[in-house]
Structure formats: C-alpha cells, structure tokens
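Chain and residue survey
Residues per chain are reported as follows:
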Amino acid sequence: MRTALSSVVLVAMFAVSGCGGGGPRLDASSQQKLEDSMKAMRATMTDPQKREFAQDMAAALGQGAMMSGLGGGDKGKGAAPASASNAYKPLDGLTAEEIHAKAEEARHKGAKAK
C-alpha cells in the first residue's frame, strides 16, 4: 500500500516538475556523459525525488547488475569508470519517468516471487 501511494505521489511530482516524457535522458555511453546526464535529470528534482530516483535506479537495474557493473568482478586498476557506465547501459536513453516505471515493474516482480 505504501509503495503504491509513494509511486502515485512520485509520478505526480515528476509531472509537475517537468521530469516527464520530454525530460533529460540517461546517457550511459561514457562515464562523463553518465555523470552529466544524471546531473541534468536531478537538476529539477526535490530532495525526496532525488532519493526516490536513486532507489528507482537500483531497483530497475537489480542488485546483481549494479555490483557487476560497479567493479564487483573487475580486478584491473582504473576499470571502475568504464564499468560504472556499463552498469547503467540497460537504462541508457530513458527518462526519470521511464526509469521509475521499470523500477515499479521490477519491484512488482520481486513481490510476486516472494
């Protein structure tokens, strides 16, 4: 119930703040572009929206993808920047609203599996 309510509130906040369909998109083509696009996506968000966005990113990617992409399997030095952008490849080109939708889908699948 709480998740459903927070989802409705978040979608409404994105719509009001202009983070909807025409907003900035995640660019995971390089580490720098990833950082720049995430900064642009968060620029118009409130602090609660930023926290929800971070949670949505993690949920949409899944813990396994995040760990492997953030250097969990890399042993070479200097591999983290390229790997970090690789971790976000599944979300490349998506808006905050689209990432939220993927996260909700992943959460729903996770709840069904339990």
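Quick look at the structure, then. Since this is a predicted model, take the numbers as computed values, not measurements. (Residues numbered from 1 in each chain as written. Predicted model: local features only at pLDDT ≥ 70, side-chain atom pairs only at ≥ 80, totals over all residues. Heavy atoms only, no water.)

This next bit is on helix 6 (residues 96-113). Since the α-helix turns once every 3.6 residues, residues separated by three or four places project in the same direction. Across its 18 residues, helix 6 extends 26 Å between first and last C-alpha, which sits within 8% of the 26 Å expected from 1.5 Å per residue. Of all the positions in helix 6, only Ala-96, Ile-99, His-100 and Ala-103 are classed as buried. Buried residues along helix 6 cover an arc of 100° about the axis, so they all sit on one side. In helix 6, the exposed residues that point more than 90 degrees away from the buried face are Lys-109, Lys-112 and Ala-113. (Helix = DSSP H or I, 4+ residues; strand = E, 2+ residues; numbered from the N terminus. Expected span 1.5 Å × (residues − 1). Buried < 20%, exposed > 50% of the residue type's maximum accessible area, 1.4 Å probe, protein only. Arc of directions from axis to C-beta.)

Before going further, it helps to examine the packing of helix 3 (residues 47-61) against helix 6. The geometry of helix 3 relative to helix 6 is characterised by a closest axis approach of 8 Å and an angle of 55° between their N-to-C directions. Looking at the two axes, helix 3 sits oblique to helix 6. Two packed elements cross with a definite hand, and for helix 3 against helix 6 that hand is left-handed. Contacts between helix 3 and helix 6 involve Glu-52, Phe-53, Gln-55, Asp-56, Met-57, Ala-59 and Ala-60 on the former and, on the latter, Ala-96, Ile-99, His-100, Lys-102, Ala-103, Ala-106 and Arg-107. Of the residues that constitute the contact of helix 3 with helix 6, the class distribution is eight nonpolar, two polar and four charged. (Axes fitted to C-alpha atoms, helices over the stretch in contact; angles between N-to-C directions. Parallel < 35°, antiparallel > 145°, perpendicular 65-115°, else oblique. Left-handed = near helix turned anticlockwise from the far one by under 90°. Contact = heavy atoms within 4.5 Å. Nonpolar A, V, L, I, M, F, W, Y, C, P; charged D, E, K, R; others polar.)

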